[in-house]
Amino acid sequence: MKRATSRSAFVFLVFAAAVASAALGVSGQSGAPARATAPVHGTFVASTKNGDWPSYTGDTRGTRYSPLDQITAENFNDLEVAWRFKTDSLGTRAEYKLEGTPLVIKGVLYTTAGTRRSVIALDAVTGELLWVHRYPEGARGANAPRQLSGRGLAYWTDGRGDDRIIYFTPGYRMIALDAKTGQPVKSFGKDGVVDLKVGVVFGNNQQIDLETGEIGIHSTPVVVKNVVLVGSSMKEGMTVTTHNNTKGLARAFDARTGKLLWTFNTIPRPGEFGNETWLDNSWAINGNAGVWTQMSVDEELGLVYLPVETPTSDFYGGKRPGNNLFGESLVCVDLATGKRKWHFQFVHHPLWNDDMSSAPLIADVTIDGKPRKVVAVPSKQAWLWVFDRVTGEPIWPIVEKPVPKGDVPGEWYSPTQPHPPDALMYGRNTVTKDDLIDFTPELHAQALKQLERYRWNPGVVYTPPMVGNVSGLLGAINIGHINGGTNWPGGGYDPETRTVFVHANTSSVTSGSVAPPPPGFSDIPYQDGVVGEQFRLRQAAGTGTYADVPQRGRGAAVPAPAGRGAPPAAEAGRGGQQGRGGGEGGGGLTVQGLSILKPPYSVLAAIDLDKGAVKWRTPHGETPDAVRNHALLKGKDIPRTGQPASVGLVITKTLVVLGESQFTTTDTHPRGAMLRAYDKATGKEVGAVFMPAPQSASPMTYMANGKQYIVVAVSGGPYSGEYIAFALPNEGQ
Amino acid sequence: MNKAVILLGGVLAAGVLNTGLRAQPPRTIWDGVYTEAQAKRGEAVYFNTCVRCHGPQLMGGNDGAGPLIGPTFNGNWNGVPLGQMVDRMRATMPQDKPSTLTRQQTADVLTYILSVNKVPAGKTELPRQVDILNTITFKASK
């Protein structure tokens, strides 16, 4: 009943907003609930300590930790759905990849949702819609390299009643809203809007086009003191039309006015530190090296940690000889000035798409009896990289080791790459014979046979991409890159036990291969592909689903996205994709439809940050139906395998909570996925509750009206995006 | 109004009204829910639009394009009403141009996928209307 009322109001709001073509705040018009009052001012500080969740990762230190303790091992299984919010109508079509983690400040929940990336405020107790904001961007949104509804938003307050929600649109605008009404804050930027494309450049400092220029972002603003930190993200870098695309940058803006405070160039210009690592002046003709994942800040020290991604292109760097700072580096800059303090490059001359994927974790630990201020970074390689966060010195030795040289024409190779200690490897980042599927001797033998078609260096982390050919070797075997280890959901840090908790995909084995793209497609001679296979354009998830992208059978709101670099139409033919694809018994990197690797397919790991060692690991996620019900495995007792993905988590006083990434149908539950709780000390699973679809974003927790809630976004398969809030039942119910 | 008339006309012309809207017990994909001719049409669409990512043998790619055949595919969709499958296909596929296939083309592609998965054809075409498709469930096996 309550839900029906809420939906009706919601439908009305969206309709009204469409008419107004602007943000619409209705808080108060229909009697906002008493508990949804404005934040208390004066002494009030929004904090996880007070039961709020005021920043994407709970705080700006990346921790995802809240000290709440009402939900425990003893009662986790009693959790019920307190409310749910379906996001379908926030846009012109449903979204199937909802990645938002909401904020909660004083009983009001704020988040992004829907294919327009609208902003909503909900009563955190009931889920009732309080206001909705939408900002139609037309072709600019339809051209965005990062569509989807984004990972959420940020909160700023002056402590005296000026409370703001700040978010990024798909078209790379930054908008500040009055947290009470959802109306744009007129004094911020121009009528509440800052055009973030202004000042973004390509080539030798040429401004990108404001409408079609390539830049966007999924991650959220980071607000610390009166500063808003802004990252950058470009198109997927596997198949791109030019190496000379938009240059990455991180910027800081004044949270009151929207005025630019500083810019840090991730591709250093002449005179800037690191410019010489772009040989032959190649800095001037290369782009990307964005900062697409969440930044972290040590507010006390005034230091910002920038996780930087790969320069263009992901698998071929022949146009950018040199180590290419600050590609795939962690860069520490001064919060006040943006000046570099130190950096560490994780991969020299990146060729494996080892973007810095995770929010850096700010931790105060005790090592050999001494207090140390460190920053720890989970990674796609499933290494935890740990540094003194003031000086940048590695806490535990990181060794430069020789790596195999590749043979792609025109490529430039670094002879060595940094390797952290084995004790800090929490997933799987090499493939040896012992890692191969071994459910039966026959399957193991088949895996070995199939691997004869690849360049495989057992035990090596970095085997460079090669020119694969359907008539010869198909590619270079790697794991712990592209989608391996820990991706954008990142990990978390428990300050009480000084432990990092992080989930890692341990089954993302890939075949690294490049091939010439179709003539005229790109100025890069080799791109992701295999000689003899049909070329395939690789795009970011959600591309083409923005609300203003035309749909067949509906009125077209805007022209189709600019076709710059659109690949030639697919040839009608049946060649290709025989080697690198999935394969249900047909070769490639699966064997009879099963992963070529043996389980676990993913693990939740706990890493003791005082000692620099993995404390425990446990497979996370029910064994996939495809394995449990596989004809060749009938009668076999297979321990839980985990599910191949990287998922986010939330840490509470006693629990680590994270959901599954796949649908399963088991004897104990219908088709759906489980939200699971683990004991922090032992890794033992202590509870699980049913969700109708997989978790698709990191969960969060908060306290409202005396109750602890856990909110998680679910979506996937045929299930469109929905936020679900879990809480314990009222006494007597 | 006009659209409704046209739609109804289309439904009648396709003969779907007799098969799809009549009260009947719940059906699964194993009840002969498409025709061979329809799967042929779907095959043409598949090889024009879907093959680049999902491959000629429907095995998918190693980067996220899921297999459309075999145990993983069955595991992904077992128990799902076909209307939900088609909605998802339309909203997100093809990945470079979502929502550009018609409902008829989407339903046709689905029948081609069913045929490759050795789901037997029947005498009536799979309808394209979501609410009717939702009365038919994807089952991994009979």
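Structure: above.
Just so we're clear, the structure is a prediction, and the values are computed from it rather than from any experiment.

Asker: Can you help me understand the overall build of chain B in this one?
Answerer: If you tally the helices and strands in chain B, you get seven helices and two strands. In sequence order, chain B lays out its α and β elements as α-α-β-α-α-α-α-α-β. The burial tally for chain B puts 46% of its 142 residues in the buried class. In chain B, of all internal contacts separated by at least 6 residues, the share reaching a separation of at least 24 is 73%.

Asker: Which parts of the structure should I look at to understand the overall build of chain A?
Answerer: For chain A, the count of helices and strands is four helices and 42 strands. For chain A, with 733 residues in total, the buried portion stands at 61%. Sequence separation of at least 24 residues holds for 66% of the intrachain contacts in chain A that already meet a minimum separation of 6.

Asker: It is not clear to me how the pairing of strand β18 (residues 303-307) of chain A should be interpreted in this structure. Could you clarify?
Answerer: Looking along a regular strand, one sees the side chains alternate between the two faces of the sheet. Residues and elements named next belong to chain A. Within β18, five of the five residues are buried, which leaves the element mostly enclosed by the surrounding structure. Residues L303, Y305 and P307 of β18 are buried on one face, and the alternating residues V304 and L306, pointing to the opposite face, are buried as well. Alignment of strand β17 (residues 296-298) against β18, held across three bridges, turns out to be antiparallel. The residue of β18 that forms the bridge with V297 is V304. Linkage of β17 to β18, two consecutive antiparallel strands, is achieved through a turn of four residues, within which G302 is found at a positive phi near 70 degrees. Judged from the five bridges that link them, β18 and strand β19 (residues 329-334) form a sheet pairing that is antiparallel. By the bridge assignment for β19, V304 is matched with V333.

Asker: Explanation requested: unusual backbone geometry in the structure shown.
Answerer: Glycine aside, a negative phi is what most residues show, and trans is what most peptide bonds show. With omega at -10 degrees, the peptide bond leading from T312 of chain A into S313 of chain A counts as cis. Tracing the sequence through the fold places S313 of chain A in the loop between β18 and β19. Each neighbour pair has its own omega, and for M93 of chain B with P94 of chain B the value is -10 degrees, a cis peptide bond. Mapping P94 of chain B onto the fold places it in the loop between α5 (82-92) and α6 (103-116). Positive phi outside glycine occurs at R64 of chain A, with the angle close to 55 degrees. Within the secondary structure, R64 of chain A is located in the loop between β1 (24-25) and β2 (80-86). When the 33 C-beta atoms within 10 Å are taken as the criterion, R64 of chain A is described as buried.

Asker: Looking at this structure, how should I read the sheet that holds strand β23 (residues 385-388) of chain A?
Answerer: Within a sheet, adjacent strands bond to each other through the backbone by hydrogen bonds, running parallel or antiparallel. Residues and elements named next belong to chain A. One open sheet holds the three strands; their spatial order is β21-β22-β23, and the pairing between them is antiparallel. With one partner strand each, in any of the chains shown, β21 (361-367) and β23 form the two edges of the open sheet. With direction set aside, neighbouring strand axes in the sheet form an average angle of 40 degrees. As paired strands, β21 and strand β22 (residues 370-377) are joined by seven bridges and run antiparallel to one another. Of the residues in β22, the one forming a bridge with T366 is P371.

Scoring rules and cut-offs
Residues numbered from 1 in each chain as written. Chains lettered and ligands numbered in written order. Predicted model: local features only at pLDDT ≥ 70, side-chain atom pairs only at ≥ 80, totals over all residues. Helix = DSSP H or I, 4+ residues; strand = E, 2+ residues; numbered from the N terminus. Buried ≥ 20, exposed ≤ 12 C-beta atoms within 10 Å, placed from the backbone. Contact = placed C-beta atoms within 7 Å. Pairing = 2+ DSSP bridges. Axes fitted to C-alpha atoms, helices over the stretch in contact; angles between N-to-C directions.

Nothing here speaks to function; it is geometry throughout.
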